[in-house]
Structures are given as C-alpha cells and as structure tokens.
Amino acid sequence: QVQLMESGGGLVQAGGSLRLSCAFSGSFFSIYIMDWYRQAPGKQRELVATSAGNKSYADSVKGRFTASRDNAKNTGYLQMNSLKPEDTAVYYCAARRGSVTYWGQGTQVTVSS
C-alpha cells in the first residue's frame, strides 16, 4: 500500500520561497511518476508540475518552480521561488503508475502580499 505525506507548506511573503516535500511509503518509488497539483479556493485542481518525460510545468509557474526527486530517500520535492499571492492554494503530490494514482493529503501554501 502506497502512502504519500506532504510537508513544507506555510505562510510566506510575496517574493519568498518554500520547498515542499512528498514522502513516499511503499515499494518501488523510482517507477512512479511524481506530479504536483494545487487547488485554490473555488477553483479546480490544476497540474503544476510533472516528472513525466523531461518534466513540464504549468505556464503560471514556469521559471519559478522546480520539481525534483531523491529516489534514495523515497521523496519528491517542489521548490517554489518568487512566490506570488496567486500561488496560494493547497498543494498535493501524486504518484502514478499506469492507471493507478495515489494522492497525499495536501499542504497549505499561503502567500501574503
């Protein structure tokens, strides 16, 4: 059974940085594609970053966010720089393989202006 646990969220001023972590418990972490999503109040969940292929990012975060992973630590990361108030949302990590996707519980990121 795979479980994901995000951490690293919090309150930060505009222009600041945060690094989110996603701890994976289970087997064969390295074969899963790691994705990061976010959901702002009243909005649909959106894909922010994916490690599939050569990695890709939503246009709104390109150049500011970087997704990475450490397979030895079974952990994925989302480095978020130059944060903006519009980045405020609950951030989720997801691990997928084929048709199966596992989700973390989410971590709140709030960016004040």
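Summarised in this report is the structure supplied together with it. (Residues numbered from 1 in each chain as written. Predicted model: local features only at pLDDT ≥ 70, side-chain atom pairs only at ≥ 80, totals over all residues. Heavy atoms only, no water.)

So, about the overall build of the protein chain. Within the protein chain one finds zero helices and 11 strands. For the protein chain, the succession of helices and strands along the chain, N to C, is β-β-β-β-β-β-β-β-β-β-β. By the compact-globule yardstick of 13 Å for 113 residues, the protein chain fits well, its C-alpha radius of gyration being 13 Å. Expressed as lengths along the three principal axes of its C-alpha atoms, the size of the protein chain is roughly 40 × 25 × 25 Å. (Helix = DSSP H or I, 4+ residues; strand = E, 2+ residues; numbered from the N terminus. Rg over C-alpha atoms; globule rule 2.2 N^0.38 Å.)

With that out of the way, let us pick up the environment of Thr-50. If you trace the backbone, Thr-50 turns up in strand 5 (residues 46–50). Along the chain, Thr-50 and Glu-6 lie 44 residues apart, while their C-alpha atoms are 16 Å from each other. Here the side chain of Thr-50 touches Arg-96 through a polar contact of 3.4 Å, side chain to side chain. (Polar contact = N/O pair within 3.5 Å; in protein donor to acceptor, adjacent residues only side chain to side chain.)

Turning our attention to the pattern of salt bridges. In this structure the tally under the stated criterion is five salt bridges. Where Glu-46 meets Arg-38, a salt bridge forms, and the shortest distance between an N and an O atom there is 2.6 Å. The exposure class assigned to Arg-38 is buried, which follows from its relative accessible area of 6%. Put simply, Lys-62 and Asp-59 hold a salt bridge, and the shortest N to O gap is 3.0 Å. Judged by relative accessible area, Asp-59 falls into the exposed class, the value being 66%. What emerges from the salt-bridge pattern is a single network uniting Arg-38, Glu-46, Arg-64 and Asp-87. (Salt bridge = Lys/Arg side-chain N within 4 Å of Asp/Glu carboxyl O. Buried < 20%, exposed > 50% of the residue type's maximum accessible area, 1.4 Å probe, protein only.)

In total, this model carries one disulfide according to the counting rule given. Across the disulfide from Cys-22 sits Cys-93; the S-S distance is 2.1 Å. The S-S bond linking Cys-22 to Cys-93 shows a torsion near 65°; that makes this disulfide right-handed. With a gap of 71 residues between them, Cys-22 in strand 3 (residues 18–25) and Cys-93 in strand 9 (residues 89–97) connect regions that are remote in the sequence. Like Cys-93, Cys-22 is buried. (Disulfide = S-S within 2.5 Å.)

Any functional reading would require information beyond the geometric quantities listed.
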